Amino acid sequence: MTEDLKIKHFLERIEKIEEAMITVATGDFSVRLETPIEDEFTTVEAGINLMIEDLSEELRQREEREKELREKLSTIEKQKQTILQQQEDLMELSSPVIKIWDDVLVLPVIGTVDSRRAQIMMENLLQSIVDSGCTMAILDITGVLRIDTQVANHLIKTVEAVRLLGGECIISGISPAIAQTIVQLGIDLSAIKTKANLQEGMRYAFQRSNLQVRSTSSDNDNLDEI
Amino acid sequence: MKYDPDEIKVSRRIPIIKYGEFLIVSIQVDMHDRLAMELQTQILEEITKTNARGVLIDISVLDTVDSYIGRMLYGMATMASIMDAAVVIVGMQPAVAITLVELGLDMPGVLTALNIEQASRMLRKKMKNKK
């Protein structure tokens, strides 16, 4: 009789443990196994309680980490968008075509030129020439520090395209470093008119458009003619 | 190749106008290969007939030019120059210029101008220098 009772009691305990396990498996970590009396199952139950606690703690930490990572990702995404936006703004700002005289346009190039920027510069310059009807264009590259084959090619193409439109394009302000690169790369610029600096470029452009710049001061006998 | 009567009709629509010592050709239809060839022959014949010293080819309304048309224009300029007539290509669109340069057809030695006014001034100056 006592044996039967004992077995019944054990079965009940096992059933309780089983129930707790199922609850945990469904995601509820709040269950704990209560033991009113100490017997053979107490240690097992304590072990299970500990396991549930560990599991819930682990899960909580994982969720926290995931949240953190998600936040970081969204910040990075936002930053990426800002960078792209700024890049676009810079593109627009960085190729201004300035009309300096009736027949003369200047395109000052400053900073790094990649092939995309070179392409935009070329399109801008050609469109401005057609819109303004100016025949002389000066491509001033004083502010360019480095150049590669592709960009040099773009410059040559720009000059050729301007000629096809019916204008004339000269390049001014080639720095020593760029001159070195161009020759080392084996790029032939002999078909292109190059001038030392923007001043010389403008002097040439004025000459081509039959213009003269002279000093107007009366006490200056030797006129600064170009 | 069969001759399409419609094509010939279209080709007659490109007028070659004599203006003083110059011929003015304004291309206002989309060029296709046969039309381009015919135009080339017509212009060269007209040069001998009228004794023209210069030809102004206005392509300001052409949005697209393929390599064939580009070569034709270049060829025509060279041919006319050995017939002692200068060819000026007038009013090329930026997109067309970019295409031609990308195709490697940069037409060395061919005169170009932004508009007819500039082109005729250019030709007059050239003629004055010759005399």
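Use the structure listed above.
Analysis parameters
- Residues numbered from 1 in each chain as written.
- Chains lettered and ligands numbered in written order.
- Predicted model: local features only at pLDDT ≥ 70, side-chain atom pairs only at ≥ 80, totals over all residues.
- Helix = DSSP H or I, 4+ residues; strand = E, 2+ residues; numbered from the N terminus.
- Contact = placed C-beta atoms within 7 Å.
- Buried ≥ 20, exposed ≤ 12 C-beta atoms within 10 Å, placed from the backbone.
- Pairing = 2+ DSSP bridges.
- Axes fitted to C-alpha atoms, helices over the stretch in contact; angles between N-to-C directions.
- Core = buried A, V, L, I, M, F, W, Y, C linked by C-beta atoms within 7 Å.
- Parallel < 35°, antiparallel > 145°, perpendicular 65-115°, else oblique.
- Left-handed = near helix turned anticlockwise from the far one by under 90°.
- Right-handed = clockwise from strand over helix to strand, strands pointing away.

## As for the overall build of chain B
When you go through chain B residue by residue, the secondary structure sums to five helices and five strands. Its helices and strands taken in sequence order, chain B reads α-β-β-α-β-α-β-α-β-α from the N to the C terminus. The contacts of chain B with a sequence gap of at least 6 include a subset with a gap of at least 24, amounting to 78%.

## Section: the overall build of chain A
When helices and strands are counted, chain A shows six helices and five strands. Ordered by position from N to C terminus, the α and β elements of chain A give α-α-β-β-α-β-α-β-α-β-α. Relative to its 226 residues, chain A shows a buried fraction of 22%. Of all intrachain contacts in chain A linking residues separated by at least 6 positions in sequence, the fraction that spans at least 24 positions is 68%.

## Here we look at unusual backbone geometry
Trans peptide bonds make up most of the peptide bonds, and negative phi angles are found at most residues other than glycine. For A:N210, which is not glycine, the phi torsion reads 55° and is therefore positive. If you trace the backbone, A:N210 turns up in the segment after α6 (198-208). Even without a glycine there, the phi angle at B:N51 is positive, about 60°. As for its placement among the helices and strands, B:N51 is situated in the loop between α2 (33-50) and β3 (54-58).

## Thoughts on the sheet that holds strand β4 (residues 168-172) of chain A
Residues and elements named next belong to chain A. Reading across the sheet, the five strands line up as β1-β2-β3-β4-β5 and stay open at both edges, with mixed pairing between neighbours. Both outer strands of the open sheet, β1 (98-101) and β5 (194-195), are each paired with one neighbouring strand and no more. Each of β1, β2 (104-110) and β3 (136-143) touches helix α3 (residues 115-132); the most contacted strand, β2, lies at about 165° to it. Strands in contact with helix α4 (residues 149-165) are β3 and β4; relative to β4, the strand with the most contacts, it is inclined by about 150°.

## Points about the sheet that holds strand β5 (residues 111-113) of chain B
All names here are of chain B. Taken together, the five strands give an open sheet; going across it, the order is β1-β2-β3-β4-β5, and neighbouring strands pair in mixed fashion. Two strands bound the open sheet, and with one partner strand each, they are β1 (16-19) and β5. Averaged over all pairs of adjacent strands, the angle between strand axes in this sheet comes to 25°, irrespective of strand direction. As paired strands, β1 and strand β2 (residues 22-26) are joined by four bridges and run antiparallel to one another. What sits directly across from Y19, in β2, is F22. This element, α2, spans β1, β2 and β3 of the sheet and lies at about 155° to β2. Its contacts with the sheet put helix α3 (residues 67-82) on β3 and β4 (86-90), and the angle it makes with β4 is roughly 150°.

## Structural notes on the interface of chain A and chain B
Taken together, the contact pairs 15 residues of chain A with 14 residues of chain B. Broken down by element, the residue count for the side of chain A that touches chain B peaks at six residues, all from α4(A).

## A word on the nonpolar core
Core analysis: the largest hydrophobic core is formed by 72 residues, its most contacted members being A:A137, A:L165, B:V55, B:V87 and B:V88. A:L165 has contacts with A:L126, A:I129, A:V130, B:M92, B:P94, B:A97, B:T112 and B:L114, leaving out every residue within four places of it along the chain.

## Quick word on helix α5 (residues 176-184) of chain A
α5(A) sits mainly on the outside: zero of its nine residues count as buried. Backbone geometry just after α5(A) places A:G186 at a positive phi near 75°.

## A closer look at the packing of α3(A) against helix α4 (residues 94-102) of chain B
Their axes nearest at 9 Å, the elements α3(A) and α4(B) cross at an angle of 135°. As summarised for this structure, α3(A) and α4(B) are arranged oblique, according to the angle between their axes. The handedness of the crossing between α3(A) and α4(B) is right-handed. Along its contact with α3(A), which presents A:M122, A:E123, A:L126, A:Q127 and A:V130, the element α4(B) presents B:P94, B:A97 and B:I98.

## Remarks on the pairing of β4(A)
Remember that side chains alternate between the two faces of the sheet whenever the strand is regular. Residues and elements named next belong to chain A. The buried fraction of β4 amounts to four of the five residues, a majority that puts the element mostly inside the structure. By the bridge criterion, five bridges tie β3 to β4 in an arrangement that is parallel. The residue of β4 that forms the bridge with M136 is E168. By the bridge criterion, two bridges tie β4 to β5 in an arrangement that is parallel. For I171, the partnering residue across the bridge sits in β5 and is T194. Handedness of the crossover joining β4 and β5 through α5 is recorded here as right-handed.

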